[in-house]
Amino acid sequence: MRTQVVIIGSGPAGLLLGQLLHKSGIDTIILEQKPKDYVLGRIRAGVLEQGTVALIEEAGAGVRLRHEGLIHDGTEIEFGGIRHRIDFKGLTGKSVIIYGQTEVTRDLMDVREACGAPTVYEALDVGIHDIESESPSVRWSADGKKFAIDCDYVVGCDGFHGVSRQTIPATRLQTYERAYPFGWLGILVEKPPVSEELIYVNHERGFALCSMRSRTRSRYYLQCPIEEHAEDWTDDRFWEELTRRLDPQAVSKLQTGPSIEKSLAPLRSFVAEPMRFGRLFLAGDAAHIVPPTGAKGLNLAASDVGILSRALIERYKTNSDAGLDSYSQRALARIWKAERFSWQMTQLLHLVPDASGFDRKLQVAGLEYLFKSTAAQTALAENYVGLPY
Ligand code: FAD
Ligand code: DHB
């Protein structure tokens with residue numbers, strides 16, 4: 001078997017790359033280790049930048065997003081029980097769109113299936129070979145049989161725990177990491193959201209976030225110690241704790257109900273450099289992780305793929321390696337700015353267990369400055385709606 005580009009992983013990065021390349025006549029195969037339903041069942045991000053939406057539309061998967069996505073022109077940040085609005089649209093001219101990662105994934109899978117491009121689900125023991133040569137190959141097993149395919153390029157879109165980054169010798173990769181001593185416990189519920197816009201809450205008991213997936217489906221998060229287990233949180237316990245962290249008006253609007261999904265996500269900052277080794281390129285969570293506070297994870301995966309798809313198209317159309325050679329540097333310039341923003345939002349909004357009195361005073365000063373200064377609000381808004389590619 002032979003193809004032009006082998007993509008490992010059918011998360012948003014892999015699927016979006018597959019469609020952008022397909023639109024330019026480049027053949028791909030996607031190898032995904034999990035079953036399709038498992039990939040579709042993972043509840044993750046919900047906030048899309050306009051640049052991400054533009055790429056999804058370019059990939060031909062934007063029809064439902066255009067109809068069902070909720071346009072948000074701002075967000076609210078609550079401190080000391082008082083909400084302050086950050087006016088994205090007024091400050092930057094841009095908005096964000098609320099549309100779940102599950103839906104993005106489903107739409108991209110549908111267009112991929114409709115155009116007949118191949119995806120192998122439950123591809124196990126994926127191995128990348130001869131990546132420093134002109135003709136790499138990828139091997140895997142499925143249904144007890146072994147398979148191999150030759151290609152021009154391999155793109156690792158296989159997330160933080162994937163095989164692609166691990167294929168690169170440790171001596172050729174520089175990694176940067178920060179772990180946080182808390183996680184986000186998330187709950188999805190078939191009830192209308194408490195407010196038109198998202199509410200990020202800094203509370204003395206810990207951070208909380210009121211988000212949504214649609215006008216009838218809400219997503220809530222609570223900061224909790226990393227040692228906790230989602231199974232130990234009954235729905236009642238979750239609602240009780242959320243109620244303690246919200247202002248009275250939000251509590252009066254809160255509609256509780258049985259959770260459709262409940263999970264605990266650790267918070268981590270991570271970057272691996274460079275994002276290329278021979279003919280292997282990394283994109284999305286395979287190369288970097290941000291804590292979710294800035295809603296950047298999925299959007300960074302999309303911007304990587306936007307830059308890489310153009311570079312690969314240029315390579316096949318004009319035989320120039322220029323775009324591929326500058327991919328890592330260009331992508332990392334944007335990634336580090338999103339890392340900084342996500343870290344800053346995390347510091348600003350969470351109860352940091354080992355924070356000194358000095359740290360806490362700095363946090364309060366940061367919040368008070370934000371609420372008073374149009375310049376600070378503009379900086380937050382500019383980063384939240386997405387920096388240019
Ligand atoms: P992924 O979505 O992780 O996709 C990688 C794919 O590769 C997966 O389908 C995986 O099964 C597959 N794979 C892995 N290893 C192999 C292998 N060896 N062979 C073949 N396939 C493989 N971001 C936000 O902005 N907001 C959030 O609320 C938020 N919540 C999150 C909650 C969790 C639990 C996690 C893990 C992430 C969350 N994120 C959130 C981050 C966001 O979802 C990711 O940044 C985004 O999914 C990145 O997309 P990706 O395609 O790079 O990676
Ligand atoms: C959601 C997740 C985020 O990390 C965030 O900052 C905003 C919203 C969400 O899942 O809805």
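Residues numbered from 1 in each chain as written. Chains lettered and ligands numbered in written order. Predicted model: local features only at pLDDT ≥ 70, side-chain atom pairs only at ≥ 80, totals over all residues. Heavy atoms only, no water.

A. Focus on the pairing of strand β6 (residues 82-86). Of the strand pairs in this sheet, strand β5 (residues 75-79) and β6 are connected by five bridges, and their pairing is antiparallel. Its bridge partner being in β6, Glu-78 is matched across the sheet by Arg-83. Where β5 hands over to β6, the hairpin turn is made up of two residues, of which Gly-80 adopts a positive phi near 60 degrees. (Pairing = 2+ DSSP bridges. Helix = DSSP H or I, 4+ residues; strand = E, 2+ residues; numbered from the N terminus.)

B. Structural view of the site of ligand 2. The local shell around ligand 2 holds 13 residues, among which Tyr-200, Ser-211, Arg-213, Tyr-221 and Pro-292 are the closest. In this structure, Tyr-200 approaches ligand 2 through a side-chain N or O atom, which is 2.7 Å from an oxygen atom. Here an oxygen atom of ligand 2 and a side-chain polar atom of Tyr-221 are 2.6 Å apart. Against a free-state accessible area of 290 Å², the protein chains account for coverage of 96% of ligand 2. When its residues are assigned to classes, the shell around ligand 2 shows eight nonpolar, three polar and two charged. (Near = heavy atom within 4 Å. Polar contact = N/O pair within 3.5 Å; in protein donor to acceptor, adjacent residues only side chain to side chain. Areas by Shrake-Rupley, 256 points an atom, 1.4 Å probe, with all protein chains shown as cover. Nonpolar A, V, L, I, M, F, W, Y, C, P; charged D, E, K, R; others polar.)

C. Broad picture of the site of ligand 1. Near ligand 1 there are 29 residues, and of these Glu-32, Arg-42, Arg-44, Gln-101 and Asp-285 occur at the shortest range. One of the side-chain N or O atoms of Arg-44 is found 2.9 Å from an oxygen atom in ligand 1. If ligand 1 stood free it would expose 1000 Å²; the protein chains cover 84% of that surface. When residues in the shell around ligand 1 are grouped by element, the largest group, three residues, is from helix α10 (residues 297-318).

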